[in-house]
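Observations on the three-dimensional arrangement
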Amino acid sequence: MTTFVKDQVSSLWNSHLTEIGRWVEKATQDTESPTPGYVHHELAKYTHQSLEESRMLEALLMKKLETNAPRVKLKALKCVKFVVEKGHPSFGTDFKTPGRIEAIQNCLQYHGPPDPILGDSLYRSVRDEAGQVMTMLFRQQPADGGAVVETAGIE
């Protein structure tokens, strides 16, 4: 492959990655307004396109879970929950790895200084959403369409 072609491919790939990043930024803005539903659907689409895009989405959402802004954490958890439910099954499987589970477990104990107006409600919402994500990650749907089976991993 020539240098020109390699540069073109690299440029296209980088622009596509920044496209995923823009969607993640739009989904996790530190504002009071909820994330529009179509944004969640766009994020879930990336998990069906390729494993690389799915992993990039995971990495970007993980970075958002590491922030100290409660609204950003909450919106990132909502994205994870939606994509686990609607995205490619490998996204949920990959999110069960130790580093990713630790990030969600940390959200289960998330606290901070109370907001003058909202008090502890944002932190409580983050903890509740993290619990829902953990439950969703460790619930398995059997291939035969039978009952949902809970698996170990939730404390």
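An account of the accompanying structure is given in this report. In this text, all values refer to a predicted model and were calculated from it rather than measured experimentally.

How each quantity is defined
Residues numbered from 1 in each chain as written. Predicted model: local features only at pLDDT ≥ 70, side-chain atom pairs only at ≥ 80, totals over all residues. Heavy atoms only, no water. Helix = DSSP H or I, 4+ residues; strand = E, 2+ residues; numbered from the N terminus. Contact = heavy atoms within 4.5 Å. Buried < 20%, exposed > 50% of the residue type's maximum accessible area, 1.4 Å probe, protein only. Expected span 1.5 Å × (residues − 1). Arc of directions from axis to C-beta. Salt bridge = Lys/Arg side-chain N within 4 Å of Asp/Glu carboxyl O. Axes fitted to C-alpha atoms, helices over the stretch in contact; angles between N-to-C directions. Left-handed = near helix turned anticlockwise from the far one by under 90°. Nonpolar A, V, L, I, M, F, W, Y, C, P; charged D, E, K, R; others polar.

A closer look at the overall build of the chain
A count of helices and strands for the chain gives seven helices and two strands. Here the contacts in the chain between residues at least 6 apart in sequence split such that 63% fall between residues at least 24 apart.

As for the side chain of Thr-28
Note that Thr-28 resides in the loop between α1 (3-27) and α2 (37-49). Taking relative accessible area as the criterion, Thr-28 reaches 2% and is therefore assigned buried. With residues up to four places along the chain from it excluded, the contact list for Thr-28 reads Lys-64, Val-72, Lys-75, Ala-76 and Cys-79.

Observations concerning α2
Along its 13 residues, α2 runs 19 Å from first to last C-alpha, staying within 8% of the 18 Å computed at 1.5 Å per residue. The set of residues buried in α2 consists of Val-39, His-40, Leu-43, Ala-44, Tyr-46 and Thr-47. In a view along the axis of α2, the buried residues occupy a sector of 145°, so they form one face of it.

Remarks on the pattern of salt bridges
Following the criterion strictly, the structure yields eight salt bridges and no others. Among the salt bridges present, the one from Glu-32 reaches Arg-71, with a minimum N-O distance of 3.7 Å. You can see Glu-32 sitting in the loop between α1 and α2 and its partner Arg-71 sitting in helix α4 (residues 70-86), a full 39 residues away along the chain. Given the relative accessible area of 69%, Glu-32 is considered exposed. Each of Lys-78, Lys-81 and Glu-129 takes part in salt bridges that share partners, so that together they form one network.

Examining the side chain of Asp-94
Along the chain, the position of Asp-94 falls in helix α5 (residues 89-94). A relative accessible area of 15% means that Asp-94 is categorised as buried. Once you skip the residues sitting within four places of it in the chain, Asp-94 turns out to touch Leu-51, Arg-55, Glu-58 and Arg-100.

What to know about the environment of Lys-96
Looking at the secondary structure, you find Lys-96 in the loop between α5 and α6 (98-108). Considering only alpha carbons, one finds Lys-96 and Leu-137, 41 residues apart in sequence, at a separation of 7.0 Å.

Looking at the packing of helix α3 (residues 51-65) against α6
Packing of α3 against α6 leaves a shortest axis separation of 10 Å and a crossing angle of 30°. As α3 runs across α6, the sense of the crossing is left-handed. The residues of α6 that touch α3, namely those facing Arg-55, Glu-58, Ala-59, Met-62 and Leu-65, are Gly-99, Arg-100, Ala-103, Ile-104 and Cys-107. Grouping the constituent residues of the contact of α3 with α6 by class yields six nonpolar, one polar and three charged.

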